[in-house]
Amino acid sequence: MNATDRVLVYGATGHTGRFVVDELLRRGLAPVLAGRSAERLAAVPPRHAALERRVVGIDDPDRLRRAVAGVGAVVNCAGPFLDTALPLARAAVEVGAHYLDVTAEQPVVRALYRSLDAPARAAGVAVVPAMAFYGGLADLLVTAALNGGTRADEVEVAIGLDRWWPTAGTRITGTRNTATRLVIRGNALTPVDSAAPSQTWSYPQPLGDQAVVQVPFSEVITIDRHLDVTELRSYLNTAALGDLRDAATPAPTPTDEQGRSAQRFVVDVVVRRGEDVHRISATGRDIYAVTAPIVVEGVVRLLDGRHRGPGAVAPGETFDAPDVLTALERDAGALSVRSDRRAPSAAATPRNA
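All residue numbers refer to positions counted from 1 along the written sequence of the respective chain. pLDDT decides what is reported in this predicted model: residues at 70 or higher carry local features, side-chain atom pairs at 80 or more are listed and counted, and totals for whole chains, interfaces and linings draw on all residues regardless. Excluding hydrogens and water, the side-chain figures rest on all heavy atoms present in the structure.

### Digging into the sheet that holds strand S6 (residues 126-128)
- Spatially, the seven strands line up as an open sheet ordered S3-S2-S1-S4-S5-S6-S15, and their pairing is parallel. For this open sheet the edge positions go to strand S3 (53-55) and strand S15 (311-312), each flanked by a neighbour on one side alone.
- As judged from the five bridges shared by strand S1 (residues 6-10) and strand S2 (residues 30-35), these two strands associate in the parallel manner. The residue of S2 that forms the bridge with Arg6 is Ala30. For two strands to pair, DSSP has to find at least two bridges joining them. Put simply, DSSP H or I for four residues or longer makes a helix, DSSP E for two residues or longer makes a strand, and each gets a number counted from the N terminus.

Quick look at the structure:
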């Protein structure tokens, strides 16, 4: 097995990490399981027992470089990414490996772009943060909607979940990430209004009409990285936000042979450019499980050369967005994509509640 087939998964024993390991195996790659806890790495599921395991923390740069050596790519699934992303990505770049993560944290993406673009270009590798449900999926949808263009007058991203069963990692990350969230206003990254008004968004089925509030995730930073957008607003339905904020909400429970929960999601995007309006949406099941085929599709394309070169880049910037979405829909069966270039009716856009 050569280095280009080997992919180190940091946080491999976590909820999302296990989905990523399974997807790498499905795609014929060789996962190397890594993390901070020897105890957790010793207790991997039987299906992962034969895989190589490496125990390493993030506070020793030399040891971290040795741990990521000999692989073609590193996938970081270990939050809070405010703590893990920069040390792990820097180590990957220094040994000549591509780096991807699944962060929803805006400051993490900004830090990686700022600190590692030039080193990644010099090393000939790509650093792709937020290649996941939060961040990457919306970025790919917006890029596909622009159909080769790079400018939009207005972008609205509405993420809807029929329920949110947060993992322990999600809760820890939420506590750690206290930075002011950003949107795009007047072509500039701007803090979101502290008292965002409630609106109603008419999602495609299975969600329908839902109350939403502005809750921007990492897609704002990735989109701003490579697209010229005058205004960008990002919403989350309030029911899902209520689940997240409720300490009594349980963690996700597996309901099928893949380990997915019963949760359903919609990521609905409306892109306006002059008189042209394009609405595109992705629907699927389990935001944690669907992250695995998204990030692994990125891994595969980085390793086989189907990307646009080195640097710290956004998903839609380095990959062919329509082709990635087609692969996720057709090959991975991870989601369903619907696109409509007609001007949306009043019911298809947000309206005051």
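### Regarding the confidence of the model for the protein
- Confidence of the predictor at the level of single residues is captured by pLDDT, which takes values from 0 to 100. Mean pLDDT over the protein stands at 94; residues scoring 70 or higher make up 95%.
- Strand S17 (residues 351-352) is the least confidently modelled element of the protein, averaging 44 in pLDDT, while S6 averages 99, the highest of any element.
- Residues count as neighbours in contact if any of their non-hydrogen atoms are within 4.5 Å of one another. The low-confidence segment residues 344-348 (pLDDT under 50) makes six contacts with residues lying over four places distant or belonging to another chain.

### Things to note about the side chain of Arg6
- Tracing the backbone through its elements, the reader meets Arg6 in strand S1.
- Of the residues examined, Arg6 reaches a relative accessible area of 19% and is grouped as buried.
- At 2.9 Å, the side chain of Arg6 and the side chain of Glu52 are in polar contact.
- Of the polar contacts made by the side chain of Arg6, one reaches the backbone oxygen of Gly70; its length is 3.1 Å. Each residue is assigned to one of three classes by its accessible area relative to the maximum for its type, calculated with a 1.4 Å probe on protein chains only: buried under 20%, partly exposed between the two thresholds, exposed over 50%. In protein, a polar contact means a hydrogen-donor-capable atom and an acceptor-capable atom, both N or O and within 3.5 Å, with residues adjacent in sequence counting only if both atoms are side-chain atoms; elsewhere, any N or O pair within 3.5 Å suffices.

### Here we look at the pattern of salt bridges
- Salt bridge criterion: a side-chain nitrogen from Lys or Arg within 4 Å of a carboxyl oxygen from Asp or Glu. Under the definition given, this model contains 24 salt bridges.
- Here Arg279 ties to Asp268 by a salt bridge, and the two come within 2.5 Å at their closest N and O atoms. Here the residue Arg279 occupies a position in strand S14 (residues 276-285), and Asp268 occupies one in strand S13 (residues 264-273), the gap between them amounting to eleven residues. One exposure class covers both Arg279 and Asp268, and it is buried.

### Quick look at the packing of aromatic side chains
- Note on aromatic pairs: the rings of Phe, Tyr and Trp (six-membered ring only in Trp) are paired at centre separations within 6.5 Å, and the planes decide the class, stacked below 30 degrees, edge-to-face beyond 60, tilted for the rest. Using the criterion set out here, one finds six aromatic pairs in the structure.
- In textbook terms, an aromatic cluster arises when at least three aromatic residues are bridged by ring pairs, as seen for Phe133, Tyr134, Trp164, Phe217 and Phe265.
- Stacked on the ring of Phe217, the Lys or Arg Arg181 has its end atom at 5.2 Å from the ring centre.
- Each ring is checked for a lysine NZ or an arginine CZ that lies within 6 Å of its centre and within 35 degrees of its normal; such an atom marks a charge sitting over the ring. Between Arg225 and the ring centre of Tyr113, over which it is positioned, the NZ or CZ distance is 4.3 Å.

### Considering the pairing of strand S5 (residues 98-101)
- What you see with S5 is no split at all: His98 and Leu100 on one side and Tyr99 and Asp101 on the other are buried throughout.
- Pairing of strand S4 (residues 73-76) with S5 involves four bridges; the strand directions are parallel. Looking across to S5, one finds that Asn76 is bridged to Asp101.
- Each parallel crossover has a hand, and for S4 linked through helix H4 (residues 81-95) to S5 it is right-handed.
- Of the pairings in the sheet, the one linking S5 to S6 comprises two bridges and is parallel in character. The residue bridging Tyr99 from the neighbouring strand is Val127, located in S6.
- Convention used here: a crossover is right-handed provided that the path from the first strand, over the helix, to the second strand proceeds clockwise when the strands point away from the viewer. Where the polypeptide runs from S5 across helix H5 (residues 106-123) and back to S6, its parallel neighbour, the crossover connection is right-handed.

### Thoughts on helix H10 (residues 287-304)
- Spanning 18 residues, H10 covers 26 Å between terminal C-alpha atoms, matching the ideal 26 Å at 1.5 Å per step.
- Where burial is concerned, most of H10 is hidden: 16 out of the 18 residues are buried.
- With a side-chain oxygen lying 2.9 Å from the backbone nitrogen of Tyr288, the N-terminal cap of H10 falls on Asp286.
- At the exit of H10 stands Gly305, carrying a positive phi of roughly 90°. To estimate the expected span of a helix, subtract one from its residue number and multiply by 1.5 Å.

### Considerations on the pairing of strand S7 (residues 151-161)
- Of all eleven residues in S7, nine are buried, a share of seventy percent or more.
- Here S7 pairs with strand S12 (residues 228-237) via eight bridges, running parallel. Bridge pairing in S12 links Arg151 to Asp228.
- Pairing of S7 with S13, which is carried by eight bridges, proceeds in the antiparallel orientation. If you follow Leu161 over to S13, its bridge partner there is Phe265.

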